[in-house]
Amino acid sequence: MKLKHCIYALLLTGAGTITTSCDSYLEEELISGVSAATYYPTVAGFEDAVKATYSFMKPFYGVERGFTMTIFGTDTYTNGADGSYKGINAYDGRLNGADNFIQDTWSDLYRGINQANAVINRSADLEGLTEEDKTARLAEVRFLRALYYFDLVRFYGDVHLSLEETEGVEIEANRTPQAEIYKQAIVPDLEFAINNLPAVQDDYGRATKPAAEFLLAKALMTRAYTAFSESGDAARAESLMTNVIQNYDFQLLDDFSDLWDINNEENAEVIFTVQNSKSQVDEGIDGNGNRGHLYFLMEYDNLPGMTRDITNGRPWKRFRPTAYTLNLWDRSVDSRYDKSFKHVWYANNESTIPTWSAAEAAAGYGTEGQPKFGLGDTAVFIPGPQMNDQWPQSRQARTPYLVYTDDEYTERKFPSLNKWIDPTRPNRQHTQGQRDFILMRLADAYLIRAEARLMQNDMEGAAEDINTIRLRSAVAGQEDEIMIDASQVNLDFLLDERARELVGEGHRWFDLTRTGTLIERVKKYNPEGGPNIETFHVLRPIPQDQIDRTLGGYPQNPGYNT
């Protein structure tokens, strides 16, 4: 059972009122006619304002926009048959500053930052709360402000920096170098959070000290690859992740599959998540939820013996794994492919179950006119990569159910990621899911530490961290075979390992841009994006509405004006 705290969205209206809605966890409540100037400095107003700062994660993490911005246009995923925003994958003229996802991401991140600034600035007049408690809440807000600025610079590069609340219409904007945003916002905010957050929160889902250490380590590793890196970034990142790994109660789950058990979300491997509540998403109070269950699924619902249902999900066919992705795992020793992708669809529609034809009966495959299978039997099977030899056309012809091998995949038929499938939705059409969106988990901490060690030429240490992850996923009896040695560690191997472990979890575009490998890998592995990607695509375009509303204009990122 999820014990959720309520995250409120406090929206200052033009009339100077505050609209308070429970964005995630409790029943929606409207409080009107309240002055922001008088409500914020109260204990109740301050607590609600802190909770509201969390809400700006929800329109990005776990919904189509966030997945599109972090999975499309990489080496691991290309487009399926349906959906818009394919220019983000194809790197063609559709990827421009007028794209809604580009504009809305920018807008929501700055709304979150302004919410954080308002909480920080207005807390000066707060009475009725101890300094210790107030400082702890401000540490949460500064953690979130750092996250929002970190996302901004990773997507857009040099951006507007403001540490003060904006009230009313603002038509002036600066373009602060990324180096300064790290120095003035990201790093000091996370250092403040580390010094003032508890190791564990009473309300699951609030920011904690290890979450702040994790985020700072990832930020330092991102900066470590840049021209403005600072001495010791990688070493400090290693130290921070070591603290996360060793000094708290986090543990790798024994079975990789348990990570995706929807009844086991608050498990020992999770460090920080974006919270979703079943009652809120089921009732439509939370209009976001986790929608990952929609986007990674193939079109199963029009196949023989099948119809759309809650268990198998609503297939929107947005994201299709590349051939590179599907061949990452040595399935003889590594269980992660088999535990990350769906293999079997069981018949749930008696009216479309096929019968054996006369020709098939004559060939000895079955009895003419008899159903090939029954309800609950296998209707569709995807054996996955490296299985073509076991499933030649001759075997497929005599098999009663449909089989798709990897030479038969299309934009509609492809292996479906099962990490986000949500069988608890109230009906088969419901788009919001209750899964929390995992932003930080212990396996990623090991892999970031391995990357930091690699940067410092500690190949033995990097191999040790990678092997910790690989050993957890070993096929029974293959524990020795799955291990690597230090001579195998390089950046390409580490990126492959991150894909094996974290595929579909919203890290990939950041991984490739951080390590400077986006262009090379998209050209090599993404058939739609490869022909078009250029060096300037390591940043997203500045939103056109930001350019239009800024006095004197706002500089566009290079490459997007041509």
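Before reading on, note that the structure itself is shown above.
Read on for an overview of the structure. (Residues numbered from 1 in each chain as written. Predicted model: local features only at pLDDT ≥ 70, side-chain atom pairs only at ≥ 80, totals over all residues. Heavy atoms only, no water.)

## Looking at empty space enclosed by the protein
Link 1 in the chain: Summed over all chains, the structure comprises six cavities of 30 Å³ or more.
Link 2 in the chain: If you add up the space inside the largest cavity, you get close to 170 Å³.
Link 3 in the chain: Lining the largest cavity are 18 residues, with R154, K218, L439, H507 and F510 sitting closest to its centre.
Link 4 in the chain: Of all the secondary-structure elements, those providing two or more residues to the lining of the largest cavity are α6 (131-156), α8 (209-224), β11 (437-441) and α20 (508-514).
Link 5 in the chain: At four residues, β11 tops the list of elements feeding residues into the lining of the largest cavity.
Link 6 in the chain: Of the residues in the lining of the largest cavity, the class split is 10 nonpolar, two polar and six charged.
Link 7 in the chain: A volume near 90 Å³ is recorded for the second largest cavity.
Link 8 in the chain: If you trace the second largest cavity, you find 14 residues lining it, with T76, L502, V503, G504 and R508 closest to the centre. (1 Å grid on protein atoms, 1.4 Å probe; cavity = no way out; pocket = protein on both sides within 12 Å on 5 of 7 lines; lining within 4 Å. Points joined across faces, edges and corners; volume = space filled by probe spheres on them. Helix = DSSP H or I, 4+ residues; strand = E, 2+ residues; numbered from the N terminus. Nonpolar A, V, L, I, M, F, W, Y, C, P; charged D, E, K, R; others polar.)

## As for helix α3 (residues 64-71)
Since the α-helix turns once every 3.6 residues, residues separated by three or four places project in the same direction.
Link 1 in the chain: Here α3 lies mainly inside the structure; eight of its eight residues are buried.
Link 2 in the chain: For α3, the full list of buried residues reads E64, R65, G66, F67, T68, M69, T70 and I71.
Link 3 in the chain: G73 sits one or two positions beyond α3 and adopts a positive phi of about 70°. (Buried < 20%, exposed > 50% of the residue type's maximum accessible area, 1.4 Å probe, protein only.)

## A few points about the pairing of β11
Link 1 in the chain: Taken across its five residues, β11 has five buried, putting it largely inside the fold.
Link 2 in the chain: Relative to β11, strand β4 (residues 270-274) runs antiparallel, the two sharing four bridges. Pairing of F272 across the sheet is with M440, part of β11. (Pairing = 2+ DSSP bridges.)

## Things to note about the pattern of salt bridges
Two side chains bearing opposite charge may form a pair once their charged atoms approach each other closely.
Link 1 in the chain: As enumerated under the stated definition, the model contains 53 salt bridges in all.
Link 2 in the chain: R94 is the partner of D92 in a salt bridge, and the nearest nitrogen-oxygen pair spans 2.7 Å.
Link 3 in the chain: In this structure, the salt-bridge partner of R441 is E501, at a minimum N-O distance of 2.8 Å. Of this pair, R441 sits in strand β11 while E501 sits in helix α19 (residues 491-502); the two residues are 60 residues apart in sequence, bridging distant segments of the chain. For the pair R441 and E501, a shared accessibility class is recorded, and that class is buried. (Salt bridge = Lys/Arg side-chain N within 4 Å of Asp/Glu carboxyl O.)

## Examining the layout of surface pockets
Link 1 in the chain: Roughly 390 Å³ of volume is contained in the second largest pocket.
Link 2 in the chain: Around the second largest pocket, the lining is made up of 19 residues, and of these A199, V200, Y204, F250 and V270 lie nearest the centre.
Link 3 in the chain: Tallying contributions element by element places β4 first for the lining of the second largest pocket, with four residues.
Link 4 in the chain: Here the lining of the second largest pocket is composed, by residue class, of 10 nonpolar, five polar and four charged.

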